[in-house]
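Geometric and topological summary
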Amino acid sequence: MREYIRPTDIANEISMKRSLFSGSFLVVEGVTDSRLYGKFIDKNECDVVVAHSKDNVRTSVREIFRRRGDRNIIGIIDSDTDRLKGVVYNHPIFVTDCRDIETLMIRGHALESVLSEYGDPGRIDPFVERYGEIRDVLIGSCYPLGILMHISDTNGHGLSFKDPDHASFLDKRNLKPDIDAMLDSVISQSPHSRVTKEELMIRLEKELIEKRDPWNVCRGHDMVAVLTIGLREIFGGYNSQFIRSGGVAGALRLAYDRETFSATRLFIDTSEWCASEGMKVWSF
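Residues numbered from 1 in each chain as written. Predicted model: local features only at pLDDT ≥ 70, side-chain atom pairs only at ≥ 80, totals over all residues. Heavy atoms only, no water.

Some points on the pairing of strand E1 (residues 24-28)
Within a regular strand, side chains alternate between the sheet's two faces. Counting buried positions over the 5 residues of E1 gives 5, a clear majority of the element. Going residue by residue along E1, you find Ser-24, Leu-26 and Val-28 tucked away on one face and Phe-25 and Val-27 tucked away on the opposite face as well. By the bridge criterion, 5 bridges tie E1 to strand E2 (residues 46-50) in an arrangement that is parallel. Paired with Val-28 across the strands is Val-50, a residue of E2. Chirality of the crossover, the property in question, places the unit of E1, helix H2 (residues 31-37) and E2 among those that are right-handed. As defined by bridge partners, E1 adjoins strand E3 (residues 73-77) across 4 bridges and the pair is classed as parallel. (Buried < 20%, exposed > 50% of the residue type's maximum accessible area, 1.4 Å probe, protein only. Helix = DSSP H or I, 4+ residues; strand = E, 2+ residues; numbered from the N terminus. Pairing = 2+ DSSP bridges. Right-handed = clockwise from strand over helix to strand, strands pointing away.)

What follows is the structure, encoded as structure tokens:
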């Protein structure tokens, strides 16, 4: 049913709440965004509204801010591949420092906390010594898939990246992706795409030469999935044998702290904007 929720529905919901609430509204894409940012808001001064899509955030905030004249509102959206395409947004829309909230958390100290809870030092240390820091391994594992998504997006290939089967193209020893197997996996779940594997391979090899910021390329959903495989198969402790991606993502949210968030560009920009508008969102 969420796909039937329109921006006007969200704007009307906010207008109805305004009759009972004089504080600020923070509009976010989804429930998991609400859970993360909800840790840091001033609950007496700010209410989080879930818009159920990126477009709903952008359009509903614009409707409230510009057409209905309610300036006590901001929206936060994932950057996705916007920075790769040079897309920018005007305030009161703000974007994550990197591709999405999962990459935001993995780039911070939350990853170390999760590894401390679910990892086995006796297995992590040899892995790191041989293959490098786990954060860097996750980037290397997910970068090619992120670039493939960018290629599909910019060329209109219509490839599907919904819940890719990472286990089918990752080496279980070092989490390195097999590019050939990755293309096979993505193409097999993209029945409406007409691009050939050969075309994709040529474009992918060319794009992989470019030096792009991996935090704008790698999708957090994929990094969490690869981390989950690593915990279950390679460097996890006894309590990670049956852990799933949802549990890992939840653990990252719990571990992500205010000190790390307060150092982000997202926090700084939203705080400065709110101060200039005389509104309050964050509790610090």
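Read on for the rest.
A look at the state of the cysteines
Under the definition given, this model contains 0 disulfides. Looking at Cys-98, it has no disulfide partner, and the nearest cysteine sulfur is the one in Cys-218, 10 Å off. Among the cysteines around Cys-142, which has no disulfide bond, Cys-218 carries the closest sulfur, lying 5.5 Å off. Among the residues examined, Cys-142 registers a relative accessible area of 1% and is labelled buried. (Disulfide = S-S within 2.5 Å.)

Observations concerning the side chain of Ser-141
Turning to its location among the elements, Ser-141 is positioned in helix H8 (residues 134-155). For Ser-141, a relative accessible area of 4% corresponds to the buried category. Of the polar contacts made by the side chain of Ser-141, one reaches the backbone oxygen of Leu-175; its length is 2.4 Å. Contacts of Ser-141, omitting those with residues within four sequence positions, involve Leu-170, Leu-175, Lys-176, Pro-177 and Val-226. (Polar contact = N/O pair within 3.5 Å; in protein donor to acceptor, adjacent residues only side chain to side chain. Contact = heavy atoms within 4.5 Å.)

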